[in-house]
Amino acid sequence: MDVDTRLLRYFAVVAEEGSLTGAAKRLFVSQPALTKQIRRLEDDLGVRLFARSRSGMTLTEAGRELASRLSALLDGWDEAVRATGRAARVLRLGFLDAGAVGAVPDAIAEFRHGQPEWRVELRQFDWSDPSAGLARGEVDAAVVRLPFPRQENFVVLELFAEERGVLLPARHPLAGREMVEFRELWDEVFVAAGAETGAWREHWLAAEERDGHPVRVGAVTSRPDEWLGAVASGCVALAPASVARFYAHPDVVFRPVHGVSPSQVGLARSRQRMDETVLNELLQAITRRLRRG
């Protein structure tokens, strides 16, 4: 019997959290999607792993048996993946947007000059996973925008700050301004990331910088094309200043905003990967380049 390791990871988190709601937030997935994956795992195994109730998810006897063996199994698999990467001399670097990545290609070239036998794969993730693949073990490190959910579980080095502005429909009354006051946007309908992204979603709605004024959400997206389309259709969205260089839409304009904090860009990695020499060399090269600006 073949079982997708992602399903096993989902099961492990639900077992730890004791609820689908908490597990969905931790995994950066929607609750319906997580429910579907747990049911798929149960169908694959032919057993019920959880007893479901209004109070949460309780492991069945079969579920407890699986949970007791899973940590060693997944740790072994993760080490096998890392060992395979080392043997193939491949490092995987996750990122979310071109503005955050900046001079990373130059850093990779610098790294390969000293380590020509190694290859670095850049992998872009959408905003449904603000950890850029790190939380799911899909990359060795990631260039991320802070804060992201559960970032305290990783080693995060802040690299630089970038001002946030606003994307507006070209026909919007504020589109002709050179600068917009954030207070003027409080009653606008915003584009938001999915609720499962937690602190990431709140940051890009500037939820804590509204003096208690409620947020109005008109669209939920996870991809740049959907994001720009929602703005063109009448919503607004906070965005890093670099969006003006890397993303364009004929019916959308970017304007600086006064009264909202900047976006912090960081470099994140697993706490278990601190002693890997080659990965350290790559991340040091990235740090030098991005901090140099």
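Read on for an overview of the structure. Note that this is a predicted model, so its numbers are computed, not measured.

## Describing the packing of helix α1 (residues 5-17) against helix α3 (residues 31-45)
Relative placement of two packed helices is described by the angle separating their axes and the distance separating the axes. It is the contact of α1 with α3, at a shortest axis distance of 9 Å, that shows an interaxial angle of 110°. As far as their axial angle goes, α3 and α1 are roughly perpendicular. Seen along the crossing, α1 lies across α3 with a hand that is left-handed. Of the residues in α3, those in contact with Leu7, Leu8, Tyr10, Phe11 and Val14 of α1 are Leu34, Gln37, Ile38, Arg40, Leu41 and Asp44. Its residues placed into classes, the contact of α1 with α3 shows eight nonpolar, one polar and two charged.

## Looking at the packing of helix α2 (residues 20-27) against α3
Between α2 and α3, the least distance of the axes is 9 Å, while the angle of their chain directions is 105°. Taken as axis vectors, α2 and α3 run roughly perpendicular relative to one another. Facing Leu20, Thr21, Ala23, Ala24 and Leu27 of α2, the residues of α3 in contact are Gln31, Leu34 and Thr35. Grouping the amino acids of the contact of α2 with α3 by side-chain chemistry returns five nonpolar, three polar and no charged.

## Things to note about the side chain of Ser263
By the element assignment, Ser263 lies in strand β13 (residues 263-270). Taking the relative accessible area as the measure of exposure, Ser263 reaches 0% and is therefore buried. Side-chain polar atoms of Ser263 contact the side chain of Arg145, separated by 2.8 Å. The residues contacting Ser263, other than those within four sequence positions of it, are Arg145, Phe160, Ala161, Glu162, Arg164, His203 and Trp204.

## A closer look at the pairing of strand β2 (residues 56-59)
Pairing between strand β1 (residues 50-53) and β2: four bridges, direction antiparallel. Bridge pairing in β2 places Arg52 opposite Met57.

## A word on a nonpolar patch on the surface
On the surface, Val215, Val217 and Val220 cluster together into a nonpolar patch covering about 210 Å² of accessible area. Summarising the element assignment, Val217 is placed in strand β10 (residues 216-220). Owing to a relative accessible area of 37%, Val217 belongs among the partly exposed residues under this scheme.

Scoring rules and cut-offs
Residues numbered from 1 in each chain as written. Predicted model: local features only at pLDDT ≥ 70, side-chain atom pairs only at ≥ 80, totals over all residues. Heavy atoms only, no water. Axes fitted to C-alpha atoms, helices over the stretch in contact; angles between N-to-C directions. Helix = DSSP H or I, 4+ residues; strand = E, 2+ residues; numbered from the N terminus. Parallel < 35°, antiparallel > 145°, perpendicular 65-115°, else oblique. Left-handed = near helix turned anticlockwise from the far one by under 90°. Contact = heavy atoms within 4.5 Å. Nonpolar A, V, L, I, M, F, W, Y, C, P; charged D, E, K, R; others polar. Buried < 20%, exposed > 50% of the residue type's maximum accessible area, 1.4 Å probe, protein only. Polar contact = N/O pair within 3.5 Å; in protein donor to acceptor, adjacent residues only side chain to side chain. Pairing = 2+ DSSP bridges. Patch = residues over 30% accessible without salt bridge, like charges linked within 9 Å, V, L, I, M, F, W, Y side chains within 5 Å. Areas by Shrake-Rupley, 256 points an atom, 1.4 Å probe, with all protein chains shown as cover. Salt bridge = Lys/Arg side-chain N within 4 Å of Asp/Glu carboxyl O.

All quantities given are derived from atomic positions and should not be read as evidence of function.
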